Structures are given as structure tokens and as C-alpha cells.
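Chain residues, written in single-letter form:
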Amino acid sequence: GAVVSQHPSWVICKSGTSVKIECRSLDFQATTMFWYRQFPKQSLMLMATSNEGSKATYEQGVEKDKFLINHASLTLSTLTVTSAHPEDSSFYICSARDAGAGNTIYFGEGSWLTVV
Amino acid sequence: AQSVTQPDIHITVSEGASLELRCNYSYGATPYLFWYVQSPGQGLQLLLKYFSGDTLVQGIKGFEAEFKRSQSSFNLRKPSVHWSDAAEYFCAGLSGGGADGLTFGKGTHLIIQP
């Protein structure tokens, strides 16, 4: 099946710094990618929809100035957590929609962010 | 509003026994439906998907799911579970246009007893 690669798998950063997470579709072009956040023992919460070449659409309650999303190419979307705080520590997962496969959505491996 | 419901938070099954995980959906039109599996600390792996056509869908790892419009259900089944099947299972729906992100159920945690 199609592959979505997410990097880094885990990152530890100091409070107040910014962290960038990359999401790449390796064998298909993804005009739409999605960013989710998952708290322990909970389901995934959609943060934003990233569209290639345009601004991301954020879900209600998600701070767009804190979670910057860039989708500069058909295979790469990035999520930057700005001025990170300990409460931003979480598991972040991206997914990409393969329109060529009937809109099947494939997920990356996820990125663990720990803010200390 | 679109929703996906997984009624069972935890399911415990003996190794070798059959498995059925329940999923119900509420959409204006028939959505695209997916089952994903997540092992601890990892991303989600697609098990199978339903778009249209044959209502019995075969997936990877011996899983299958049956779409039942009359019951608004898309239950996941496996005839004989293995210890390695222990994980979190998510049912998800996508509106036909595909422009929005997936709507997830809350997940079912599968425990396998020896």
C-alpha cells in the first residue's frame, strides 16, 4: 500500500522553543493532508486540513498561530509547534489522502513530542 | 452531524477465538468507511476500506468487515485471533467528497487472553 512517512518519530524540546514535524507521501501525490493529535488512551482529534498551495483549515479550538501548517508541495506538509509548552506534549499524526486510490487515507507513523 | 460510534471500549478474546468489533455510523449519505489498527506508540495501519460494491470487504491480516446499510454498521471480524492482534482498533468514516478529515470512533482496545 501507499506509504506516508513522518519525521521525527520523537522529539524533546525545551519550553518556549519551536518544533517542526514533517509528513511526506512517498509514492503518491497528496493534495490534501491532515494533522491529528492523540492523547494517551484516546482517539485521534483532527487539528487541521492542509491543502497544497493554500492555507490550512483549522478545526475549532486549534490555535493557527501556534500550530503552523505548510503544504508547499504535493508530497510534503509540515507542522510547526511554535513556542511549545508542556501541555503541547502529545502524539501528533499526519495522514495523506490518495485521490488516485478512491480517497483512501494513509497515516504516518506519528511523532511523539515532549516539551520540558 | 457525521459520527462514528464504537460501542465497546475494551474487548477481551481468547487466542484462537473469533472476533467481532462493532462500528456504527451516522452520515447523510453512505460514507467511505475504514478500519485502522494502532499498536502502542505507533501510527495507524489501514486494515480495510469500503467505498461501494460488495458489502463484505477483505483486508489484511485475515480481517474482514461487512457493511450493513440497514443497521448503519461496519463491523470488523476475524475468525481466529492471534496474540499479535492485541492493539487499539479504530473505525473511521469519510464523507463522499473526501475533502474533510476522517471522523473516528473512540476506539476499541483488544486484549488477547492466552
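Anything mentioned here points back to the structure above.
How each quantity is defined
Residues numbered from 1 in each chain as written. Chains lettered and ligands numbered in written order. Predicted model: local features only at pLDDT ≥ 70, side-chain atom pairs only at ≥ 80, totals over all residues. Heavy atoms only, no water. Helix = DSSP H or I, 4+ residues; strand = E, 2+ residues; numbered from the N terminus. Rg over C-alpha atoms; globule rule 2.2 N^0.38 Å. Contact = heavy atoms within 4.5 Å. Buried area = accessible area lost by both parts, 1.4 Å probe. Salt bridge = Lys/Arg side-chain N within 4 Å of Asp/Glu carboxyl O. Polar contact = N/O pair within 3.5 Å; in protein donor to acceptor, adjacent residues only side chain to side chain. Disulfide = S-S within 2.5 Å. Buried < 20%, exposed > 50% of the residue type's maximum accessible area, 1.4 Å probe, protein only. Phe/Tyr/Trp six-rings, centres within 6.5 Å; stacked < 30°, edge-to-face > 60°.

Engineer: I keep staring at the overall build of chain B and nothing clicks. Help me out?
Structural biologist: Tallying secondary structure elements over chain B gives zero helices and twelve strands in all. Listing every helix and strand of chain B by position from the N terminus yields β-β-β-β-β-β-β-β-β-β-β-β. At 13 Å, chain B has a C-alpha radius of gyration in line with the 13 Å of a compact globule built from 114 residues. Over its C-alpha atoms, taken along the principal directions, chain B stretches across nearly 45 × 30 × 20 Å.

Engineer: I'm lost on the interface of chain B and chain A in this one. Help?
Structural biologist: Taken together, the contact between chain B and chain A spans 23 residues of the former and 23 residues of the latter. Both sides of the chain B and chain A interface together cover about 1500 Å² of buried area, and 58% of this is carbon and sulfur. The tally of links from chain B across to chain A stands at zero salt bridges. Counting across the interface, chain B meets chain A through six residue pairs in polar contact (both at pLDDT 80 or more). Of all the secondary structure elements, the ones that give two or more residues to the side of chain B that touches chain A are strand S5 (32-38), strand S6 (44-50) and strand S10 (87-94) of chain B. Examining the composition of the side of chain B that touches chain A, we find that four residues originate from one element, S5(B), more than from any other.

Engineer: What's the story with the state of the cysteines in this structure? I'm lost.
Structural biologist: Where two cysteines share a covalent bond between their sulfur atoms, that bond is called a disulfide. Residue and element names in this part refer to chain A. Evaluation of the coordinates by the stated rule reveals two disulfides over all chains. Between the sulfur atoms of cysteine 23 and its disulfide mate cysteine 94 the distance is 2.0 Å. For the disulfide bridge between cysteine 23 and cysteine 94, the dihedral angle about the S-S bond is near 80°, and by the sign convention the bridge is right-handed. Taken together, the residues cysteine 23 in strand S3 (residues 19-25) and cysteine 94 in strand S9 (residues 90-98) connect sequence positions 71 residues apart. For the pair cysteine 23 and cysteine 94, a shared accessibility class is recorded, and that class is buried.

Engineer: Sorry if this is basic, but what is going on with the packing of aromatic side chains here?
Structural biologist: Two descriptors summarise a pair of aromatic rings, namely the distance from one centre to the other and the angle between the planes of the rings. Counted under the stated rule, the structure contains 16 aromatic pairs over all chains. Measuring from ring centre to ring centre gives 5.6 Å for Tyr36(A) and Phe107(A), while their planes differ by 45°; the resulting arrangement is tilted. Here the residue Tyr36(A) occupies a position in strand S4 (residues 32-38), and Phe107(A) occupies one in strand S10 (residues 104-107), the gap between them amounting to 71 residues. With a centroid separation of 4.5 Å and an interplanar angle of 35°, the aromatic rings of Phe91(A) and Trp112(A) are classed as tilted. Of this pair, Phe91(A) sits in strand S9 while Trp112(A) is found in strand S11 (residues 111-115), placing the two residues 21 residues apart along the sequence. Of the residues examined, Trp112(A) reaches a relative accessible area of 38% and is grouped as partly exposed. Members of the aromatic cluster, each reached through a chain of ring pairs, are Tyr36(A), Phe107(A), Tyr32(B), Phe34(B), Tyr36(B), Phe51(B), Phe90(B) and Phe104(B).

Just distances and angles here, no functional claims.
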